[in-house]
Amino acid sequence: MLLHIPNVLDAATLAHCTALLKQADWTDGRVTAGSQAATVKNNRQLPETSPVAQQLRALVLEALSKNPTFFSAALPKRIYPPLFNRYGDEANSFGNHVDNAIRTHPATAQHVRTDLSFTLFLNNPTDYDGGELIIEDGMGGRAVKLPAGHLILYPSYSVHRVEPVTRGARLACFTWLESMVREPQRRELLHEMDLSIAALRGEHGETDTAVRLTSCYHNLMRMWATV
Ligand code: NI
């Protein structure tokens, strides 16, 4: 499942991020790539421990924690501390790759199984040419290029790439997460059920049917979730 979640960052948070990104000191993006990915990765990243990255990370995690759609779709158990990248000038693309199955955070040694990846766009498509995130789907790939503050959630097992940026610079936040529900079909079913229950409540208010379906949702979660 690919899920576009709009307006993860509100205007004030986005302005704060933009101001922080102006102070960014970018470094070679290959530091966090696996061995296959490193051969096709050509971009810049913020060092994980830089003060700017830490402030940006806190803003993004705070925004995600308040986003019910993100929670419902991802059911996050562990989120690898978000990273920040820049595509532009000579360091402008990332060829086809898959994300490593396990990421181990260098500072905490905590392992994160990568069930889902996300890219949160931090500047607008009018700022650059190219830079589409292409997620292979067996039909030539799905191109994703979203407004600033919008997020795309996609399966970490997918083959994906970032097309060369030929004008300007593309700024984004990205990371991986381990879900409480490992199997994509179960996770997607729970998300669909959650949306449907919310719609039912919106249309008919609190009814016995809504309560019973909510009970089913939570009982499925009990069967399938590991925390
Ligand atoms: Ni990737």
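My aim in this report is to walk through the structure given alongside it, one point at a time. In this text the structure is predicted, and so the values were computed from the model without any measurement.

### Examining the overall build of the chain
The secondary structure content of the chain amounts to 6 helices and 16 strands. Since a compact globule built from 227 residues should have a radius of gyration of about 17 Å, the 18 Å found for the chain is in line with a globular shape. In terms of overall dimensions, the chain has C-alpha extents of about 60 × 40 × 35 Å along its principal axes. A burial count over the chain gives 48% of its 227 residues as buried. Of the contacts made within the chain by residues no fewer than 6 positions apart, 76% connect residues no fewer than 24 positions apart. Of the roughly 11,200 Å² of accessible surface on the chain, a fraction of 54% belongs to carbon and sulfur atoms. Charge separation in the chain, taken as the distance between the mean sites of 22 positive and 23 negative side-chain charges, equals 4 Å.

### Section: the nonpolar core
Counting residues in each nonpolar core, the largest one holds 32 residues, and the members touching the most others are Leu120 and Leu153. At the level of elements, β1 (3-5), α1 (11-22), α3 (51-65), α4 (68-74), β10 (116-121), β14 (151-155) and β16 (165-179) are the ones that each hand at least two residues to this core. For this core, the element with the highest residue contribution is α3, accounting for 7 residues. If we ignore the near neighbours within four places in the chain, the residues touching Leu120 are Val8, Leu9, Val60, Gly149, His150, Leu151, Ala172 and Cys173.

### Here's the deal with the coordination of the nickel ion
Taken together, the protein ligands of the nickel ion are His97 (NE2), Asp99 (OD) and His160 (NE2), with distances of 2.1 to 2.2 Å. Within one chain, the residues donating to the nickel ion are spaced in sequence as H-x1-D-x60-H. Residues His97 and Asp99 agree in their burial class; the two are buried.

### Here we look at the packing of aromatic side chains
Overall, the coordinates contain 3 aromatic pairs when judged by the stated rule. Ring plane angle 90° and centroid distance 6.0 Å describe the contact between Phe70 and Phe118, whose orientation is recorded as edge-to-face. Here Phe70 is found in helix α4, whereas its partner Phe118 is found in strand β10, with 48 residues between them in sequence. Phe118 gets classed as buried once you look at its relative accessible area, which sits at 1%. A centroid spacing of 5.4 Å and a plane angle of 75° characterise the contact between Tyr80 and Trp176, whose relative ring orientation is edge-to-face. Here Tyr80 is found in the loop between β5 (76-79) and β6 (83-88), whereas its partner Trp176 is found in strand β16, with 96 residues between them in sequence.

### Regarding the layout of surface pockets
When its volume is computed, the largest pocket comes out at roughly 190 Å³. Around the largest pocket, the lining comprises 15 residues; the ones closest to its centre are Thr114, Asp115, Ser156, Tyr157 and Pro184. Looking at which element gives the most residues to the lining of the largest pocket, the answer is helix α5 (residues 184-204), with 3 residues.

### What to know about the packing of α5 against helix α6 (residues 208-224)
One way to put it is that α5 packs onto α6 with a least axis distance of 10 Å and a crossing angle of 160°. Our classification of the angle between α5 and α6 gives roughly antiparallel. Taken as a pair, α5 and α6 cross one another with a handedness that is left-handed. The residues of α6 that touch α5, namely those facing Arg186, Leu189, Leu190, Met193, Asp194, Ile197, Leu200 and Arg201, are Thr209, Ala210, Val211, Leu213, Thr214, Cys216, Tyr217, Leu220, Met221 and Trp224. Taken together, the residues of the contact of α5 with α6 sort by class into 13 nonpolar, 2 polar and 3 charged.

### What to know about the sheet that holds strand β15 (residues 160-162)
Read from one edge to the other, the open sheet built from 5 strands follows the order β3-β7-β15-β12-β13, with strand pairing classed as antiparallel. Strands at the two margins of the open sheet, each flanked by one partner only, are β3 (41-42) and β13 (142-144).

### Let's talk about empty space enclosed by the protein
Regions of empty space are outlined by a rolling probe, equal in size to a water molecule, passed over the atoms. Evaluation of the coordinates by the stated rule reveals 1 cavity of 30 Å³ or more. Each pocket or cavity is described by its volume, and for the largest cavity that value is around 250 Å³. Lining the largest cavity are 25 residues, and of these Phe94, His97, Asp99, His160 and Phe174 lie nearest its centre. Secondary-structure elements contributing two or more residues to the lining of the largest cavity are β6, β7 (93-97), β10, β15 and β16. The biggest single contributor to the lining of the largest cavity is β16, with 4 residues.

Criteria and thresholds
- Residues numbered from 1 in each chain as written.
- Predicted model: local features only at pLDDT ≥ 70, side-chain atom pairs only at ≥ 80, totals over all residues.
- Heavy atoms only, no water.
- Helix = DSSP H or I, 4+ residues; strand = E, 2+ residues; numbered from the N terminus.
- Rg over C-alpha atoms; globule rule 2.2 N^0.38 Å.
- Buried < 20%, exposed > 50% of the residue type's maximum accessible area, 1.4 Å probe, protein only.
- Contact = heavy atoms within 4.5 Å.
- Areas by Shrake-Rupley, 256 points an atom, 1.4 Å probe, with all protein chains shown as cover.
- Lys, Arg positive; Asp, Glu negative; His and termini not counted.
- Charge placed at Lys NZ, Arg CZ, Asp CG, Glu CD.
- Core = buried A, V, L, I, M, F, W, Y, C linked by side-chain atoms within 4.5 Å.
- Donors = N, O, S within 2.8 Å, 3.2 Å for Na, K, Ca; no water.
- Phe/Tyr/Trp six-rings, centres within 6.5 Å; stacked < 30°, edge-to-face > 60°.
- 1 Å grid on protein atoms, 1.4 Å probe; cavity = no way out; pocket = protein on both sides within 12 Å on 5 of 7 lines; lining within 4 Å.
- Points joined across faces, edges and corners; volume = space filled by probe spheres on them.
- Axes fitted to C-alpha atoms, helices over the stretch in contact; angles between N-to-C directions.
- Parallel < 35°, antiparallel > 145°, perpendicular 65-115°, else oblique.
- Left-handed = near helix turned anticlockwise from the far one by under 90°.
- Nonpolar A, V, L, I, M, F, W, Y, C, P; charged D, E, K, R; others polar.
- Pairing = 2+ DSSP bridges.

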